[in-house]
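Here's the letter readout for the chains.
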Amino acid sequence: MSTHEDTRRAWDEASRKHVVEYAEHLEQARTARLWPVEEELLAPLIDDAEVLHPQSGHGLDDHALLRLGARSVVGIDYSPTAVGAAQRRAEELGVPCRYEVAELPDTGLPEACADLVYTGKGALIWMGDLDAWAAEMHRLLRPGGHLFVYEAHPLVPLWSWDATEAWVRSDRSYFAASHVNDTFPARGATEHQRTLAQLVMTLQRAGFALQHLAEHPDPFWMPEDGERAAAWDGRLPNAISLLAVRS
Ligand SMILES: C[S@@+](CC[C@H](N)C(=O)[O-])C[C@H]1O[C@@H](n2cnc3c(N)ncnc32)[C@H](O)[C@@H]1O
């Protein structure tokens, strides 16, 4: 089986969590909110926006986007399991979210169909061809539309999960092209690395103008069992927020 197929299968298996925890997610969706920094950046531009959410995963953020003012959200994910659970919940709650199975960077959606592309929280690292991804996001946005990314900092694959001391893993490099994930979904899934500079330059090449870029000490996600790494103690970058406008 190819690296690509391993990764896709690992995600579809991991997405069964969204089915197992369906009832819990249904309750969470009723009050779901984005992180404060996301709300602050998106509030001025989300009113009545048609939002596209590539790699929508469990899709809980889509309910938060509606709550913040979006008119509708289209979620895209290549896991039929994730898409099925998110669509079932949207129908049960009667909200304007629609989910489609597609393998990025191609979405199969018409050009200029969105005012805002919202993505991240463990998304970009799965993209093998980031230039193709950026070109597709540019194609999908209307002129003047925004791309918003709240994502793991590119240094995160280097941090150990040691609870007592923060250290850099000896088997990882900031400048490596990829590594095999050993946390979630693991099982041979391959992550594609870029430096922060490479991400910014990729977006610029695709025709985006950067409006905001910030680095944050807190990870976008922490394990539900309470496990905490020393690398998350506020001294190291663990997340980025990025807002770019489509020319
Ligand atoms: C960390 S998860 C979910 C991220 C989502 N923002 C969330 O918070 O639930 C990453 C998602 O990307 C999806 N994915 C990975 N590679 C993909 C690809 N090439 N095309 C479409 N979906 C992909 C996986 O199925 C998974 O649901």
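Throughout this description, residue numbers start from 1 for each chain and increase along the sequence as written. Totals for whole chains, interfaces and linings use every residue, but because this is a predicted model, local features are given only for residues with pLDDT of at least 70 and side-chain atom pairs only at 80 or more, for both listing and counting.

Caption draft 1: Spatial organisation of the site of the ligand. In this analysis a residue is considered near a molecule or strand if the C-beta atom, reconstructed from its backbone, is found within 6 Å of that molecule or strand. Close contacts around the ligand come from 17 residues, with Trp11, Gln55, Gly57, Tyr78 and Gly122 the closest. Residue polarity is assigned by list, with Asp, Glu, Lys and Arg as charged and Ala, Val, Leu, Ile, Met, Phe, Trp, Tyr, Cys and Pro as nonpolar; anything else, Gly included, falls into the polar class. Across the shell around the ligand, the residue classes tally to 6 nonpolar, 7 polar and 4 charged.

Caption draft 2: Quick look at the nonpolar core. Within the largest apolar cluster, 52 residues are counted, with the highest numbers of intra-cluster contacts made by Val51, Leu65, Leu116, Val117, Leu147 and Phe148. Sort the elements by how many residues they give to this core and strand β5 (residues 141–152) lands first, with 6 residues. By definition, residues are in contact whenever their C-beta atoms, placed on the basis of the backbone, come within 7 Å of each other. Apart from residues lying up to four places away in sequence, leucine 116 is in contact with Leu45, Ile46, Ala49, Val51, Gly145, His146 and Phe148. Definition of nonpolar core: a set of buried Ala, Val, Leu, Ile, Met, Phe, Trp, Tyr and Cys residues joined via C-beta atoms within 7 Å. Counts of 20 or more other C-beta atoms within 10 Å of a residue's own C-beta define buried residues, counts of 12 or fewer define exposed ones, and intermediate counts define partly exposed ones; C-beta atoms are placed from the backbone. A run of DSSP states H or I qualifies as a helix once it reaches four residues; a run of E qualifies as a strand once it reaches two. Both are numbered from the N-terminal end.

Caption draft 3: Representation of the sheet that holds strand β9 (residues 239–246). A pair of strands is considered paired only if DSSP assigns at least 2 bridges between the two. Pairing in this open sheet of 7 strands is mixed, and the strands run β3-β2-β1-β4-β5-β9-β8 from one edge to the other. The two strands at the open ends of the sheet, each matched to only one other strand, are β3 (97–101) and β8 (208–216). For this sheet, the mean angle separating the axes of adjacent strands, direction not counted, is 15°. Bridge count for strand β1 (residues 50–54) against strand β2 (residues 72–77) is 5 bridges, and the pairing is parallel. Residue glutamate 50 lies in a different strand from β2, and its bridge partner there is serine 72. Axes here mean lines fitted to C-alpha atoms, for a helix over just the part in contact, with angles spanning 0 to 180 degrees between N-to-C directions. Contacting β8 and β9, helix α8 (residues 196–206) crosses the sheet at an angle of about 165° to β8.

Caption draft 4: Focus on the pairing of β1. With respect to burial, β1 is a largely interior element, 4 of its 5 residues being buried. The handedness of the β1 to β2 crossover, carried by helix α5 (residues 60–68), is right-handed. By definition, the crossover connecting two strands over a helix is right-handed if that path, from the first strand to the second, turns clockwise as seen with the strands pointing away from the viewer.

Caption draft 5: View of the environment of histidine 25. Following the sequence through the fold, histidine 25 ends up in helix α3 (residues 22–29). In the structure, histidine 25 is positioned 60 residues away from alanine 85 in sequence and 9.5 Å away in space, judged by C-alpha atoms. Apart from the residues within four sequence positions on either side, histidine 25 is in contact with His18, His58, Leu60 and Arg89.

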